[in-house]
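# Inside the fold
Residues per chain, in single letters:
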Amino acid sequence: MQGFREKCRVVALVIFSVWLGLAALYGLLKPVPNGCIMTYMYPTYIPISTPPNISSEKYGLFLYHEGWKKIDFKEHLKKLSGVPVLFIPGNGGSYKQVRSLAAESDRAYQGGPLELTYYQEATLTPEERGRDMALEDSNGLAPPNQYTCMLDWFAVDLEEEHSAMDGRILEEHAEYVVYAIHRILDQYKESRDARSKEGAEVSGNFPRSVILVGHSMGGFVARAAVVHPHLRKSAVETVLTLSSPHQSPPVALQPSLGHFFSRVNREWKKGYEVQRTHTGRRVSGPTLSHVVVVSVSGGIRDYQVRSKLASLDGIVPSSHGFMIGSTGMRNVWLSMEHQSILWCNQLVVQISHTLLSMIDSETGQPYLSTQKRLAVFSKMLRSGIPQNFYWMRQVQLPQVTGHVSNKNEKNVPGSELQSFSRCPRSVHWAEDGLEKDLFIQGTTVTVLAMDGRRRWLDIGKMGSNGKDHFIFATNLAPCSGVRVHLWPEKHEISSDGEVPPSRRVIEVTMKMVHIPAGPAPRQIEPGSQTEQAPPSAVLRLDPKDMQGFRFLTISVAPRPSVSGRPPPAASMAVGQFYNPEEGKREFSLSSLLLSSYAQEEIFLKEDHPLALNATFSMSLGLLPVTLSVRTAGCGIKNSGLPIEQAGDVEHSSLCKLRCFPPVALAWDSTSGLHIIPNLYSETIVVDSFPAFWGSTRGSEKTTVLLMVDPHCSYKISASVSLTAAAGRFLLLYCSQIIGFLIAVIFFALMRQARAWELNQPLPSLLAAVEANLRMPLSFLLLAVVPLLVSLVISLLTTQPFPPFASFIIVSIICYSFANGSVIILILCSQFVFYVAATVQVFIKLRWQAWEERFRFLRQFLNLFSVFTSFKVVHILRGNPILLIALVMVSLVCFVHPALGLIVLVLFHALSCHSALCSFLAASFRSHVQRKESYEYQARDDLSRQSRHKSGEAFDQRLPLGKNNSNDNDADSTRSFGETQLEIFNYRHGILILHLLASLMFVPSLVAWLQRIGMGQSFPWFADSALSMGVILHGLCTQKPGIDAFSFSFPGIRGGEAGLSLIYLLAGYYCYLSALALAPYCSFYAMAAVGAISFISRVIERQNREKGDPYFSYSGRKHSHKH
């Protein structure tokens, strides 16, 4: 690497990589509270006896019991009569992690269902309902007054093995889970038989299936068990996973792990297809048509399993499952860490009630219908706000079971709303208690207290000038606190609450959707007015909803009295007719990038739209934005307070009494809904996956709906958080970067092999990497061409076409970061090698001097030469590669592939060290000889000037012509040193490549070490075979050239190609594998290069033995120009 520009390019890339890595670590390690409440329990674990077999000796099965009293295990097992649920722990997880779910399930069964609310509930989409289930059937699943059957929680003890690191462990876990399912079902039969023998009353049915609940890799193990060939038919019909990867492993490094994921997902895809013969004749229906799968992701705080990995897209059809993030889950609204999802009380309680609600009251077992089970999951877990932004444009209006509806309201204006149920009569509402009606003249209506009044809004008058949409935010409970109606004309409601059918008055109260409210408002002193309460519900009506109606009324119930004195006012409601176009704001990519230095600001004057639609051109999952909302004014010109009490308007108590806290709703196409209440200054992050190869158009954008009080003016500023962006970048694209690292090494080896083929000096690995970054030809060929190839593949296949600009830019940034990381690795390894070689050369020179002084050391060392006389030792010394190959093959095939690859790396390190030592020693000798030559020349000049005799004018130690000999020796020494340096440069590249390969197997090695003494098995054939190919590459590529596969392109000067072309194709394959988030596929490229190298050496040797002149000389000329 020569030249100032090249050095600056390398330095800049190193600085960028170091900064990005450090900033990412700071952003990821920065503690952030998750808001979860701890779950408490009194656990008891009852072991389930299992027949002796291989699996049961290693693993175990337990039944959970909640309670502090001591119980008899055998008697407790006889009383089993609930619905069996099997918990499967994840990577390194314990069976005791079931305690939170099991304890809350027991409390939920004892305490009964959740309190009934009258917000709009989520319903199944037409795709999820399927053809066999009508909308009324999916909405007719009302929660019971009391749960009919409890849940019996079982858990498998998998010895806390690291299942996320090894495919073999995953397979063994799946096999044991199948056995555990059968053992649980058999245990219920044994318990029933034991009760019948004792004469006890036996009622109910046997459980026909087991509900599987898996955490982390346990969720994938559950799915692997469902498609296991030994599982009984219909033994599993419901699977619930918590932070479980389904699309691929979190970091796909081991080939067998990636193969196992692909095989299981392939079986699931086939399981939902109709089985047909090759002629197209139907054989049977889908084998998994009875299985429902629901995946729960932890959101942005879960760094191990991102929402994209937890998605079921392409694996489970929407009619049999869905994925939901905890941030959009009903009554949860939180993002949580990977382990917190097991004990977070808000989520655990909701899941417990969901599983209990899925039990049919008639049979005491889960519903047989897949759509009914899926409808329960949707209603209990999903929010009434859909998981996409289209809620702002269209709302599906479900009918709630048990609510009274007006059957005579048909085929009239607003018919879409007439199928919507009214508030039930059981909810007390005294119409006679309403005081004088209020007629609102402006477009905005405000409720600051429960005053018992009805507010009338003229839709035709207020909806003019394009303000034809209505939004209503409140903290009042629907039906009991506030009710909303649409009227064709002003009409008084009768005392019994019934509306005459001829008037066609429609109630839309239960169209309100629930949102999480922030902390309760602060009360300055008892009896005084509090700060404005945050909204807890939102109602939105579009022009189609209000078509044919004249008035909209908002009826507020009178506030209840406590001991004859009303409580402090903590009620709020704000409604507004608005134009959605006026509330649109767009943040461009350039403004977001510059916002880290100069914040992007928006000023909202009073009477602004209540709903502000902000669109960010780059996803907040990649560029998190810190959004700050500051109150600039609240319509109060003179507060009348002293100056010291008035203070800054932003913190004025009067403004807080008048304006409700801002709320932000963010939508992402992958992770769904994110809600941020009480937004004053918050970093908004969504768990999106933009700019990937499989990303869809629109995924690079994020839409945020910001609800702010229209009575106040605000100053909104947005700035990108660089540390959070760096952390998200590495978190999202780590798999892609790992694949790029291997591609960069292959491209560098290609550069070295090409120099060998052109008989040019072999560049160092650092110089090769730098040369590949040169613009425009090298960089475009290696960084941009694979991206264009991936886009062509997307066009030719069914894979969605990614967003072009963001995909190209982010991929090039990942590739640049991979180059910077490789450069850092090269510099560190070179420093270590040069230090070690310098020390050895210094010690060796000193040792030679000591050996001349102390001859007894040589005699002492000669005693050990007797061992070299053995024939075996002599053969091994003559063929060291054979010994190393035998050791590596044995380790790879019979112990673990990582051990064999580590030996290969050590062999490369020894070769590099030996070559570098030879180069330094040759350089030292050349320097010494050149110095001695100069000294002899100086002495010769002095001797000529002396007055000695001409016969004594020359030193007897230097005969005539010695100087020329020295020059020739120096030239030969220099040629030898350069040869050794080239060997070091090439072996250094091979070392870095195989070091990355061995590191990819290190997680599997850690899991293997944990299982020592627990019954080891041979490695998977795929891992061993691919590792053998890597070993062949290391042993058969002593030089960067393959003569047997060399060929030339006609008509092109210097168009001969060989190993360089193979390295180029291998780099392209690794590049595309990285884009597909499958870095383990890089082993295919390394194994293919190894196989080609081995075949080439065999062919070369055979042709050399035949006397082929083309293969008679395996080296190359070193006619370097200096």
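Rules and cut-offs
Numbers given for residues are sequential positions, taken from 1 along each chain in its written order. Where totals are concerned, whole chains, interfaces and linings use all residues; where local detail is concerned, this predicted model gives features only for residues with pLDDT of at least 70, and gives and counts side-chain atom pairs only at 80 or more. No hydrogens and no water enter the side-chain calculation; it runs on all heavy atoms of the structure. Put simply, buried Ala, Val, Leu, Ile, Met, Phe, Trp, Tyr and Cys residues joined by side-chain atoms within 4.5 Å make one nonpolar core. Burial classes follow relative accessibility: with a 1.4 Å probe on protein chains only, a residue under 20% of its type's maximum area counts as buried, one over 50% as exposed, and anything between as partly exposed. Working definition: helices are DSSP H or I runs of at least four residues, strands are E runs of at least two. Numbering for both runs from the N terminus. For this analysis, residues touch if any pair of their heavy atoms sits within 4.5 Å. Here, a disulfide means two cysteine sulfur atoms that sit within 2.5 Å of each other. We define a salt bridge as a contact between a side-chain nitrogen of Lys or Arg and a carboxyl oxygen of Asp or Glu at a distance within 4 Å. The rule for pairing is simple: two strands pair if DSSP sees at least two bridges between them. Here the axes come from fitting lines to C-alpha atoms, over the contacting stretch only for helices, and the angles between their N-to-C directions go from 0 to 180 degrees.

Another point: the nonpolar core. In terms of nonpolar packing, the biggest core is built from 122 residues, with Ile716, Phe729, Tyr733, Phe746, Tyr815, Tyr1063 and Phe1083 touching the most fellow members. Sort the elements by how many residues they give to this core and helix 19 (residues 722–757) lands first, with 21 residues. Here phenylalanine 729 is in contact with Leu20, Leu622, Ile737, Val810, Ile813 and Cys814, once residues within four sequence places are set aside.

With that settled, consider unusual backbone geometry. The peptide bond linking methionine 775 to proline 776 adopts the cis configuration, its omega dihedral lying at -5°. Tracing the sequence through the fold places proline 776 in the loop between helix 20 (765–772) and helix 21 (777–796). Positive phi, close to 60°, is recorded for glutamate 159, a residue that is not glycine. Structurally, the position occupied by glutamate 159 is in the loop between strand 4 (151–157) and helix 7 (167–197). For leucine 1077, which is not glycine, the phi torsion reads 60° and is therefore positive. For leucine 1077, the location among the structural elements is in the loop between helix 30 (1059–1075) and helix 31 (1082–1105). Owing to a relative accessible area of 24%, leucine 1077 belongs among the partly exposed residues under this scheme.

A full pass over the atoms with the stated rule returns three disulfides. Covalently, cysteine 36 is tied to cysteine 344 through a disulfide, its sulfur atoms 2.2 Å apart. Taking the sign of the torsion about the S-S bond as the criterion, the disulfide between cysteine 36 and cysteine 344, at about -90°, is left-handed. Within this pair, whereas cysteine 36 is found in the loop between helix 1 (4–29) and strand 1 (43–47), its partner cysteine 344 is found in the loop between strand 10 (321–325) and helix 11 (345–357), the two being separated by 308 residues in sequence.

Before going further, it helps to examine the pattern of salt bridges. Evaluated as defined, the whole model comprises 23 salt bridges. Between aspartate 437 and arginine 454 there is a salt bridge, and its shortest N-O distance comes to 3.2 Å. Highlighted residues: aspartate 437 in the loop between helix 13 (415–418) and strand 11 (438–440) and arginine 454 in strand 13 (residues 454–458), separated in sequence by 17 residues. Note that glutamate 1100 is salt-bridged to arginine 1097, the shortest N-O span being 3.2 Å. Residue glutamate 1100 and its partner arginine 1097 are located together in helix 31, separated by three residues, close to a single helical turn. Glutamate 1100 sits in the buried class, given a relative accessible area of 3%. Among the charged side chains, a network of salt bridges with common partners joins Lys58, Glu161, Glu172 and Arg1011.

Attention shifts here to the sheet that holds strand 27 (residues 681–684). Taken in spatial order, the four strands make up an open sheet running 22-29-24-27, and their pairing is antiparallel. The sheet is open, and its two edges are formed by strand 22 (600–604) and strand 27, each paired on a single side. Strand-to-strand twist of the sheet, defined as the mean angle between neighbouring strand axes without regard to direction, takes the value 20°. The pairing of strand 22 with strand 29 (residues 713–720) spans five bridges and is classified as antiparallel. If you follow glutamate 600 over to strand 29, its bridge partner there is alanine 718.

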